[in-house]
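Observations on the three-dimensional arrangement
Okay, here's what each chain looks like letter by letter:
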Amino acid sequence: MSPPTPHSGSSGQGLEELLEELRRRRWVLHLFGGREAPEIYAAVHRWPTCADVIILRDEHRASAYRVPTFPGTDVFSPRVVTWQYHATPVWTLRAALTLAEPGTPGAPLQALRPQPDCGIPPELRQDVTIRPTGTTAPPEGSDGGPPACA
């Protein structure tokens, strides 16, 4: 797979700016299929009781979802999600980055059956590179941790 292109669409932040926002918010990047030429790019932001996941499949297809996490939960093979979104990479990143934080008004709580694109097939997960994306220290006075999930 080629990396998604930086085209921003009709307006707003482009792909590069949105990926930089993921780094600023300390999402963890997962490259599936080898570091040199990954087939799938994914990013995960873990909260105390859930995780937000973004999967970039190509320049036209991406998915994002919030999955409740329990001991043993595989965030790349969810059995239930509380939110899901499927569109182009730019729109999917925008949706995920504007999703209400867990435990705040507007945060999704409904249990949903995940669509097939909510996940990564096991055969594609054999060769994975995991890279933390945080490039800066947490703000002064912050413990660096996210707020609690509802």
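Use the structure listed above.
Residues numbered from 1 in each chain as written. Predicted model: local features only at pLDDT ≥ 70, side-chain atom pairs only at ≥ 80, totals over all residues. Heavy atoms only, no water.

**As for the sheet that holds strand β1 (residues 28-32)**
- With antiparallel pairing, six strands are arranged side by side in an open sheet as β5-β4-β3-β2-β1-β6. Edge positions in the sheet fall to β5 (83-87) and β6 (128-132), since each of these pairs with one other strand and no more. Taking the axes of each pair of neighbouring strands and ignoring which way they run, one obtains an average angle of 15 degrees across the sheet.
- With seven bridges joining them, strand β3 (residues 50-56) and strand β4 (residues 62-68) adopt antiparallel strand pairing. Residue I54 lies in a different strand from β4, and its bridge partner there is A64. (Pairing = 2+ DSSP bridges. Helix = DSSP H or I, 4+ residues; strand = E, 2+ residues; numbered from the N terminus. Axes fitted to C-alpha atoms, helices over the stretch in contact; angles between N-to-C directions.)

**Here's the deal with the environment of V128**
- Topologically, V128 is positioned in strand β6.
- For V128, a relative accessible area of 33% translates into the label partly exposed.
- Each C-alpha atom, one on V128 and one on I40, is 9.6 Å from the other, the two residues being 88 residues apart in sequence.
- Not counting chain neighbours up to four residues away, the residues in contact with V128 comprise H30, L31 and F32. (Buried < 20%, exposed > 50% of the residue type's maximum accessible area, 1.4 Å probe, protein only. Contact = heavy atoms within 4.5 Å.)

**Structural notes on the pattern of salt bridges**
- Considering all chains together, one arrives at seven salt bridges under this definition.
- In this structure, E21 engages R25 in a salt bridge whose closest nitrogen and oxygen atoms are separated by 2.7 Å.
- You can call E21 buried: its relative accessible area is 16%.
- Of the residues examined, R25 reaches a relative accessible area of 34% and is grouped as partly exposed.
- R125 is paired through a salt bridge with D74; the nearest N and O atoms lie 2.7 Å apart. Residue R125 is located in the loop between α2 (89-97) and β6, and its partner D74 is located in the loop between β4 and β5; the two are separated by 51 residues in the primary sequence.
- Residue class for R125 comes out partly exposed when judged on its relative accessible area of 21%.
- In this structure, a network of salt bridges that share partners links the residues E21, R24 and R25. (Salt bridge = Lys/Arg side-chain N within 4 Å of Asp/Glu carboxyl O.)

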